[in-house]
Amino acid sequence: MTRTDDDGSYVLQLTGEEAPFVFVVWNDQWRPRGEFYRPLTADAESRTVDFAMVKHAPAGAAFRFIVISDTHCNHPKHFKQLSARYAQLNELKPAFIAVTGDLTNHQVNKKYNVKRYAEWRKAKAGSTCPVIDVPGNHDTATPAGLAEYRESLGPTHHAFDFGDRHFVIFDSNRPNWRWVNADLDATPRDRKVIVFSHHGYSNRGKYMHGGLKKNWTRCEVLFFGHGHVHKSGVYKNLPYHMSGTIHQSFHLVDVAPAKLTVTWQPWENATWGQIKARFLSGKPATRPQAGVPD
Ligand SMILES: [Fe+2]
């Protein structure tokens, strides 16, 4: 990891242990035009990797983002439904949308595996704001799935600033604590940290607490999926929100410099039969009131 100079130039020494990418942890004023990563393909002693940047939200501005999860797309009808969901979300004018894993459904419908990420990219082009991908177990748990994900969507761990917050995309299938903690150590202490992960507090999130060590207390909130229903709570002083599937519910998050408001939202047209989908443990979901911050 390295920091750019004031003119945007940088030198990155490789050790051979990195993921096969160079990527930008974009800040609160500039983000890359197009993809935030480039594959490291050529085996050369030195190479030049440039990123064109564009201005975006000013530091400290209030903004809104949305968290959806577990879209499990592996059939043309799923991508059609996802496109319809993006059309609904566009109306809410988010700054970006995070999808907390199980974007696709690897190993369930092999017929469509081969083009699932091409379809995924096509569907998210229907969003009027950037869509932030987070890997789930159905995406990257297997070596083949990881290779496919990297080829189509880039690094599985990365981070960015927006407004006065720092956002971490965390690969809970194979946590890279060294990178995540180096990223957080390089982030100013007064910048609040929001984490997107696929697994949450109930299983792999427990070792997230151990892996983040002193950086755990810097986290403002953890968003995750995997359980397929809405659930909110606090684990070791860290508030968390688990989003439901594309059939159930999502989270609307309004961010102001000193305040974060998280609102549970059932999908428009979702039936209560879909909403009360059960936890993996078999317990029924608790029915929250739509629109009430939790
Ligand atoms: Fe899932």
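Report follows, based on the coordinates. Treat the numbers as computed from the prediction; the structure is a model and nothing was measured. (Residues numbered from 1 in each chain as written. Predicted model: local features only at pLDDT ≥ 70, side-chain atom pairs only at ≥ 80, totals over all residues.)

### Regarding the overall build of the protein
To keep it simple, the criterion reads: In this text, helices come from DSSP runs of H or I with a minimum length of four residues, and strands from runs of E with a minimum of two, each type numbered from the N-terminal end. By definition, residue pairs are in contact when their C-beta atoms, positioned from the backbone, come within 7 Å.
For the protein, the helix and strand inventory stands at eight helices and 15 strands. Put simply, 67% of the contacts in the protein that link residues at least 6 apart link residues at least 24 apart.

### Considerations on the sheet that holds strand β11 (residues 219-224)
How we decide: The rule for pairing is simple: two strands pair if DSSP sees at least two bridges between them. Here the axes come from fitting lines to C-alpha atoms, over the contacting stretch only for helices, and the angles between their N-to-C directions go from 0 to 180 degrees.
Spatially, β8-β9-β10-β11-β13-β12 is the arrangement adopted by the six strands of the open sheet, whose pairing is mixed. The open sheet has two edge strands with one neighbour each: β8 (158-162) and β12 (231-235). Averaged over all adjacent pairs, the angle separating strand axes in this sheet is 20°, with direction ignored. In this sheet, strand β13 (residues 238-242) lies alongside β12 in antiparallel orientation, the contact comprising five bridges. Pairing of K231 across the sheet is with M242, part of β13.

### Here's the deal with the nonpolar core
For clarity, the threshold we go by: Note on terminology: a nonpolar core is any set of buried Ala, Val, Leu, Ile, Met, Phe, Trp, Tyr and Cys residues joined through C-beta atoms within 7 Å. Note on burial: count the other C-beta atoms lying within 10 Å of the residue's C-beta; 20 or more is buried, 12 or fewer is exposed, in between is partly exposed, and C-beta positions come from the backbone.
One finds I97, A98, V168, V195, F196 and L222 to be the most contacted residues of the largest nonpolar core, which totals 53 residues. When residues of this core are assigned to their parent elements, the largest contribution, five residues, is made by β11. Residue contacts for I97: discarding those within four places in its chain leaves F65, I66, I68, L89, S127, C129, V131 and I132.

### Examining helix α1 (residues 76-90)
Short version of the rule: One fewer than the residue count of a helix, multiplied by 1.5 Å, yields its expected span. Within this analysis, the arc is defined by the directions that extend from the helix axis to the C-beta atoms.
Counted at 1.5 Å a residue, the expected span for α1 with its 15 residues is 21 Å, and the 21 Å between its end C-alpha atoms agrees. Those residues of α1 that fall on the buried side of the exposure criterion are H78, F79, L82, R85 and L89. In an axial view of α1, the angular spread of the buried residues amounts to 110°, which keeps them on one side of the axis. Projecting away from the buried face of α1 at angles above 90 degrees are the exposed residues P76, K77, K80, A87 and Q88. Where the residues of α1 are buried, they touch β5 (63-68), β6 (96-100) and α3 (116-124).

### A short note on the packing of α1 against α3
Threshold: We call two directions roughly parallel when the angle between them is under 35 degrees, roughly antiparallel when it is over 145, roughly perpendicular when it lies between 65 and 115, and oblique otherwise. Each crossing is labelled by how the near helix is turned from the far one, with a counterclockwise turn of less than a right angle marking it left-handed and a clockwise turn marking it right-handed. Three classes are used: nonpolar for Ala, Val, Leu, Ile, Met, Phe, Trp, Tyr, Cys and Pro, charged for Asp, Glu, Lys and Arg, and polar for all others, with Gly counted as polar.
Axis separation between α1 and α3 bottoms out at 9 Å; the angle between their running directions is 25°. What the angle tells us is that α1 and α3 run roughly parallel. Here the hand of the crossing between α1 and α3 comes out right-handed. Across the interface between the two elements, F79, L82, S83 and Y86 of α1 pack against E119, A123 and K124 of α3. Counted by class, the contact of α1 with α3 contains four nonpolar, one polar and two charged residues.

### Quick word on the pairing of β8
The buried count for β8 comes to five of five residues, which makes it a mostly enclosed element. Taking every second residue as pointing to the same face, both faces of β8 are buried, with H158, F160 and F162 on one and A159 and D161 on the other. As defined by bridge partners, β8 adjoins strand β9 (residues 165-169) across five bridges and the pair is classed as antiparallel. For D161, the partnering residue across the bridge sits in β9 and is H166. If you look at the hairpin formed by β8 and β9, you'll find two residues sitting between the two strands, and G163 has a positive phi there, around 55°.

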